[in-house]
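# Summary of the model geometry
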Amino acid sequence: MKTIYTFCCCVLVLFTFKAQAQTDDYVITVKGDTLKCSISFPLIGPSKYKVPGGESEKLDRNKIKEYYITRKDLLKRVVFMGDKTKSDFLEVVENGNISLYKIVYNNGKTSTVEWYVGKASDRVSALKTSGLFLRKSRKDRKDDFAEMLQDKPDVYN
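Because the structure is a prediction, the values reported are computed rather than measured.

Moving on, we get to unusual backbone geometry. Phi angles above zero are rare outside glycine, and Asp73 is one such case at about 50 degrees. With respect to the helices and strands, the residue Asp73 is situated in the loop between strand 5 (64-69) and strand 6 (74-81). Residue class for Asp73 comes out exposed when judged on its relative accessible area of 59%. Even without glycine at this site, Ala120 takes up a positive phi of about 45 degrees. You can see Ala120 is positioned in the loop between strand 9 (111-119) and strand 10 (123-129). We classify Ala120 as exposed; its relative accessible area is 70%.

Rendered as structure tokens:
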């Protein structure tokens, strides 16, 4: 009787723990190298990544073009928004030929979400915002998106 009880307890313990397939974060450098690392976001100072056996380095958009955080299932990529000459890390919501990005701005009491879309490029255009104002009209944004879909007539129609 005692062995059956022990066996049942062991089986229950085995089913309560879930297996982690991969626990490593990664960064992709502008040269195209993928580095497994751990990424941290300190309360004060810049976000950093650390390669095993190496020193912590800043997540610099001039050196890193993309990073992924496993525990948050979060992919961020360096892109240029609209006509800006300065790039920024944006969260990748949908990754593909046409990618959807978002960025959240917090000002203490409220937050604004801006959505961007890009096609096979590091330059993205505004699609939608939860704020009051967007620089482009709805028709202009619709035309920009339609232009991205023209090589897929079924989807475009």
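Okay, the pairing of strand 5 next. With five of six residues buried, strand 5 lies mostly within the body of the structure. The pairing of strand 1 (residues 25-29) with strand 5 spans four bridges and is classified as antiparallel. Bridge pairing in strand 5 places Tyr26 opposite Tyr68. One ladder, built from four bridges, connects strand 5 with strand 6; its direction is antiparallel.

Reading the values: the criteria
- Residues numbered from 1 in each chain as written.
- Predicted model: local features only at pLDDT ≥ 70, side-chain atom pairs only at ≥ 80, totals over all residues.
- Heavy atoms only, no water.
- Helix = DSSP H or I, 4+ residues; strand = E, 2+ residues; numbered from the N terminus.
- Buried < 20%, exposed > 50% of the residue type's maximum accessible area, 1.4 Å probe, protein only.
- Pairing = 2+ DSSP bridges.

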